[in-house]
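The residues making up each chain are set out below.
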Amino acid sequence: DVHVVYVKNEDDQTLRVKYIDDGPNDPQDLSSYNVTINAEPGDALNYDTKGSIAELVNNGYQLVNDAYTQANLGNKMPEKGGTYEVHLKHTTQTINPDHPGNPGILINPTDPTGTDAYSLRTPASETIHYVFENGKPAGNDNIQTGHFDHELVFDKVTGKQIEDHLDHHKCI
């Protein structure tokens, strides 16, 4: 008789969490947040995405989808490992005379100049002179005043200006 000892050897599985910037304008490389875990099925993972997501949100991102958390793995390595994606998008900040930037308070990651209310509103006036054909005044001048409002939209991840609108229909 031959005595054979059977030892079940579960191969380590690989679990990957990938962070992806879904931004259509200037997507950033988030691979520094990616995580790879090798462990046997059922072993504790000791990982969650909360800290990385909080840091990215603080840097101007908004969470779109967290497949790792949604998979509800119970903090255990699944039988077949797997790849889980965390998708984020850029948030924006609109600056205009009614909602100006505040000097010293950053629009991530830069503080563009010219975002205070004074810089975003330009006064304008128009004078209409009423005259007869002979050049003599036909009445009092009509003076109309107004202003041009400038609205800027910034990407809070890159700090880049992504939109620029000039509204000249504001009359006083």
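Everything below is about the structure printed above this text.
Described below are features of the structure shown in this document. (Residues numbered from 1 in each chain as written. Predicted model: local features only at pLDDT ≥ 70, side-chain atom pairs only at ≥ 80, totals over all residues. Heavy atoms only, no water.)

**Examining the overall build of the protein**
Move 1: For the protein, the helix and strand inventory stands at three helices and eight strands.
Move 2: Along the chain direction, N to C, the helices and strands of the protein fall in the order β-β-α-β-α-β-β-α-β-β-β.
Move 3: By residue count, 28% of the 172 residues in the protein fall in the buried class.
Move 4: Sequence separation of at least 24 residues holds for 60% of the intrachain contacts in the protein that already meet a minimum separation of 6.
Move 5: Put simply, the protein shows about 11700 Å² of open surface, and 48% of that area lies on carbon and sulfur atoms. (Helix = DSSP H or I, 4+ residues; strand = E, 2+ residues; numbered from the N terminus. Buried < 20%, exposed > 50% of the residue type's maximum accessible area, 1.4 Å probe, protein only. Contact = heavy atoms within 4.5 Å. Areas by Shrake-Rupley, 256 points an atom, 1.4 Å probe, with all protein chains shown as cover.)

**Quick notes on the packing of aromatic side chains**
Move 1: Taken as a whole and judged by the stated rule, the model has three aromatic pairs.
Move 2: Arranged with centres 6.0 Å apart and planes meeting at 80°, the rings of Y68 and Y84 form a pair that is edge-to-face. Of this pair, Y68 sits in helix α2 (residues 67-70) while Y84 sits in strand β4 (residues 82-90), and the two are 16 residues apart along the sequence. In terms of burial, Y68 and Y84 fall into one category: buried.
Move 3: Following the ring pairs from residue to residue traces out a cluster consisting of Y47, Y68 and Y84. (Phe/Tyr/Trp six-rings, centres within 6.5 Å; stacked < 30°, edge-to-face > 60°.)

**Side note on the nonpolar core**
Move 1: Judged by nonpolar contacts, the single largest core of 19 residues is most densely connected at L15, V17 and Y19.
Move 2: Contributions of two or more residues to this core are made by β1 (13-21), β2 (35-39), α1 (50-58) and β4.
Move 3: Discounting residues that sit within four places of it in the chain, Y19 has contacts with L30, Y33, N34, Y47, T49, S52, I53, L56, V86 and L88. (Core = buried A, V, L, I, M, F, W, Y, C linked by side-chain atoms within 4.5 Å.)

**Some remarks on a negative patch on the surface**
Move 1: Together, D11, D12, E40 and D43 give the surface a local cluster of negative charge.
Move 2: With respect to the secondary-structure elements, D11 resides in the segment before β1.
Move 3: Its relative accessible area of 54% is what places D11 among the exposed residues. (Patch = residues over 30% accessible without salt bridge, like charges linked within 9 Å, V, L, I, M, F, W, Y side chains within 5 Å. Salt bridge = Lys/Arg side-chain N within 4 Å of Asp/Glu carboxyl O. Lys, Arg positive; Asp, Glu negative; His and termini not counted. Charge placed at Lys NZ, Arg CZ, Asp CG, Glu CD.)

**Topic: the pattern of salt bridges**
Move 1: One pass over the full model with this rule turns up two salt bridges.
Move 2: Notably, a salt bridge pairs D26 with K160, separated by 2.8 Å at the nearest N-O pair. Placement of the pair is D26 in the loop between β1 and β2 and K160 in the loop between β7 (142-155) and β8 (161-171), with a sequence separation of 134 residues.

**A closer look at the side chain of N96**
Move 1: Looking at where N96 falls in the secondary structure, it is placed in the loop between β5 (92-95) and α3 (117-120).
Move 2: A distance of 2.7 Å separates the side chain of N96 from the backbone nitrogen of H99, its partner in a polar contact.
Move 3: Here E151 takes part through its side chain, which lies 3.1 Å from a polar atom of the side chain of N96.
Move 4: Those residues within four positions of N96 in sequence are excluded, and the remaining contacts are L120, H150 and E151. (Polar contact = N/O pair within 3.5 Å; in protein donor to acceptor, adjacent residues only side chain to side chain.)

**Here we look at the sheet that holds strand β3 (residues 61-66)**
Move 1: Reading across from one edge, β2-β1-β4-β3 is the order of the four strands in this open sheet, with mixed pairing throughout. Edge positions in the sheet fall to β2 and β3, since each has one partner strand and no second. Strand-to-strand twist in this sheet, taken as the mean axis angle between neighbours without regard to direction, amounts to 15°.
Move 2: Pairing between β3 and β4: five bridges, direction antiparallel. Residue pairing in the sheet places Y61 in a bridge with H90 of β4. (Pairing = 2+ DSSP bridges. Axes fitted to C-alpha atoms, helices over the stretch in contact; angles between N-to-C directions.)

**Considerations on α1**
Move 1: Every buried residue belonging to α1 is among S52, I53 and L56, and all of these are buried. Along α1, the residues classed as buried sweep out an arc of 95° about the axis, all on the same side. Within α1, the exposed residues directed more than 90 degrees away from the buried face are K50 and N58.
Move 2: If you follow the buried residues of α1, they end up packed against β1, β3 and β4.
Move 3: Two residues or fewer past α1, G60 is found with a positive phi of approximately 100°. (Arc of directions from axis to C-beta.)

These figures come from the coordinates and say nothing about function on their own.
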